[in-house]
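Next come the chains, spelled out residue by residue.
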Amino acid sequence: MPAQKLDGKALAATMRGEIATQVQARAAAGKRAPGLAAVLVGEDPASQQYVKNKHKACHDVGFTTTVHRLPATTSQAELLALVAQLNADPAVHGILVQLPLPKQIDGEAVIRAVAPAKDVDCFHPENVGLLAAGHPRFYPCTPHGVIQLLTRNGVSLAGKSVVVVGRSNIVGKPLALMLMQKPTAANPAAADATVTVAHTRTSDLAAVCRGADVLVAAAGVPEFLTADMVRPGAVVVDVGTNNVNGRWCGDVHPGVWDVAGWVSPVPGGVGPMTITMLLHNTLAAAQQIDG
């Protein structure tokens, strides 16, 4: 029997409706709409599409949003000056600098320049540290999207064996932190799971993966996770977004659908949830900054 679908597109629509309702309530109370500023440097087609999707999502829930488009020749000093301007703008609650950046710009310096209170991607070291300590200001968007996709579909995580394949700063590391931590009032999305972080150089990776109740594929390698690496009935979340000869695919091979109990598709799984959690963070930033 084929796996059930973890439908991120449908869940994202539901959660965006919830966010829009909160924005309307803020407006009724005379409060400023949440504002997101996106910064796009260069002409990377994928980055342009990502920013376009985020801009539309903001508009749909009632946020104010601006996109600052800079040429690929922009200097680091010019970009840092724009970030400083956005930090000081009271109408901007969230700042998104689309990655990757051109090679002449130090991306880490730009991440550190964003005011932590407006770092709705949750990349700034201060926000990463707060997450690690169990007192998050924001949750990173993709990891939070993964956890929402699981919990809102009734997948229990407490005490379960979860294997995360991937150790990036954007997905693998923060997701492992969220999964392993104990839920508290300050950290409600923590999952109480038992977590193993693996990667493409892990010895006998297939055996490690087969031990998982929940398996998250976030290695960035097209269709590397095959059916023989999955325990029958396991839950599989595909974080991969790969363009292979003009076709979008994830890190999970199609054959996994014949073995797993649940699988998130690509597209239509984690992707829509990532943008939704960006909206969630921008609303939270507005609440923290403006009340």
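Note that the structure is predicted; figures quoted are calculated from it, not measured.

Things to note about the UniProt feature "binding site: NADP(+)" (unreviewed entry) in the chain
Following the UniProt record, one finds the feature "binding site: NADP(+)" (unreviewed entry) at Gly166, Arg167, Ser168 and Thr241. Residue placement: Arg167 occurs in the loop between β5 (161–165) and α7 (172–180). We classify Arg167 as partly exposed; its relative accessible area is 45%. Not counting chain neighbours up to four residues away, the residues in contact with Arg167 comprise Gly172, Lys173, Val197 and His199. Topologically, Ser168 is positioned in the loop between β5 and α7. The residues touching Ser168, leaving out its near neighbours within four places in the chain, are Lys173 and Pro174.

A short note on the sheet that holds strand β3 (residues 64–70)
Taken in spatial order, the 3 strands make up an open sheet running β3-β2-β4, and their pairing is parallel. The sheet is open, and its two edges are formed by β3 and β4 (94–97), each paired on a single side. Across the sheet, the mean angle from the axis of one strand to that of its neighbour is 15°, orientation sign disregarded. Note: strand β2 (residues 35–41) against β3, 7 bridges, orientation parallel. Paired with Ala38 across the bridge in β3 is Val67.

Focus: the pattern of salt bridges
Evaluated as defined, the whole model comprises 8 salt bridges. One salt bridge in this structure joins Arg137 and Glu126, with 3.1 Å as the shortest N-O distance. One end of the pair, Arg137, is in the loop between α5 (125–132) and α6 (141–151); the other, Glu126, is in helix α5, and 11 residues separate them in sequence. Arg137 gets classed as partly exposed once you look at its relative accessible area, which sits at 26%. By relative accessible area, which is 38% here, Glu126 ends up partly exposed.

As for the nonpolar core
Membership of the largest hydrophobic core comes to 53 residues, with the highest contact counts inside it found for Phe63, Leu150, Val162, Leu179, Val237 and Val239. Of the residues forming this core, the biggest block, 9 residues, is contributed by helix α9 (residues 270–290). Every residue in contact with Leu150, bar those within four places of it in the chain, is listed here: Leu6, Val155, Leu157, Val214, Val235 and Val237. Ala206, Val230, Val236 and Val256 belong to the second-largest nonpolar core, a separate cluster that totals 20 residues.

Points about the environment of Leu283
Structurally, Leu283 can be placed in helix α9. Sequence separation between Leu283 and Val155 is 128 residues, and the spatial gap between their C-alpha atoms is 26 Å. Look past the residues within four positions of Leu283 in its chain and what remains in contact with it is Ile19, Gln22, Val23, Arg26, Pro34 and Phe63.

Re the sheet that holds strand β7 (residues 214–217)
Two pairing modes exist for strands in a sheet, parallel and antiparallel, and in both the strands are linked by backbone hydrogen bonds. Spatially, 6 strands are ordered β1-β11-β8-β7-β5-β6 in an open sheet, and the strand pairing comes out parallel. The open sheet terminates on both sides in strands that have one partner only, identified here as β1 (4–5) and β6 (194–198). One ladder, built from 5 bridges, connects β5 with β6; its direction is parallel. Bridge pairing in β6 places Val165 opposite Ala198.

Remarks on the environment of Leu11
For Leu11, the location among the structural elements is in helix α1 (residues 8–28). Once you skip the residues sitting within four places of it in the chain, Leu11 turns out to touch Gln148, Leu149, Arg152 and Met273.

What to know about α1
Its 21 residues place the ends of α1 30 Å apart at the C-alpha level, agreeing with the 30 Å of an ideal helix rising 1.5 Å per residue. Tucked inside the fold, the buried residues of α1 contact α2 (45–61), α6 and α9. The N-cap of α1, judged by a side-chain oxygen 3.1 Å from the amide nitrogen of Lys9 a few residues on, is Asp7. Two residues or fewer after α1 comes Gly30, characterised by a positive phi angle close to 80°.

Some points on the side chain of Gln181
Along the chain, Gln181 falls in the loop between α7 and β6. From its side chain, Gln181 meets the backbone oxygen of Leu131 in a polar contact 2.9 Å long. Only 3.2 Å separates the side chain of Gln181 from the backbone oxygen of Ala132, close enough to count as a polar contact. In this structure, Gln181 is in contact with Leu131, Ala132, Gly134, Asn187, Ala190, Ala191 and Asp192, ignoring residues within four places of it in sequence.

Rules used throughout
Residues numbered from 1 in each chain as written. Predicted model: local features only at pLDDT ≥ 70, side-chain atom pairs only at ≥ 80, totals over all residues. Heavy atoms only, no water. UniProt positions renumbered as here; feature names shortened; annotations may be inferred. Helix = DSSP H or I, 4+ residues; strand = E, 2+ residues; numbered from the N terminus. Buried < 20%, exposed > 50% of the residue type's maximum accessible area, 1.4 Å probe, protein only. Contact = heavy atoms within 4.5 Å. Pairing = 2+ DSSP bridges. Axes fitted to C-alpha atoms, helices over the stretch in contact; angles between N-to-C directions. Salt bridge = Lys/Arg side-chain N within 4 Å of Asp/Glu carboxyl O. Core = buried A, V, L, I, M, F, W, Y, C linked by side-chain atoms within 4.5 Å. Expected span 1.5 Å × (residues − 1). Polar contact = N/O pair within 3.5 Å; in protein donor to acceptor, adjacent residues only side chain to side chain.

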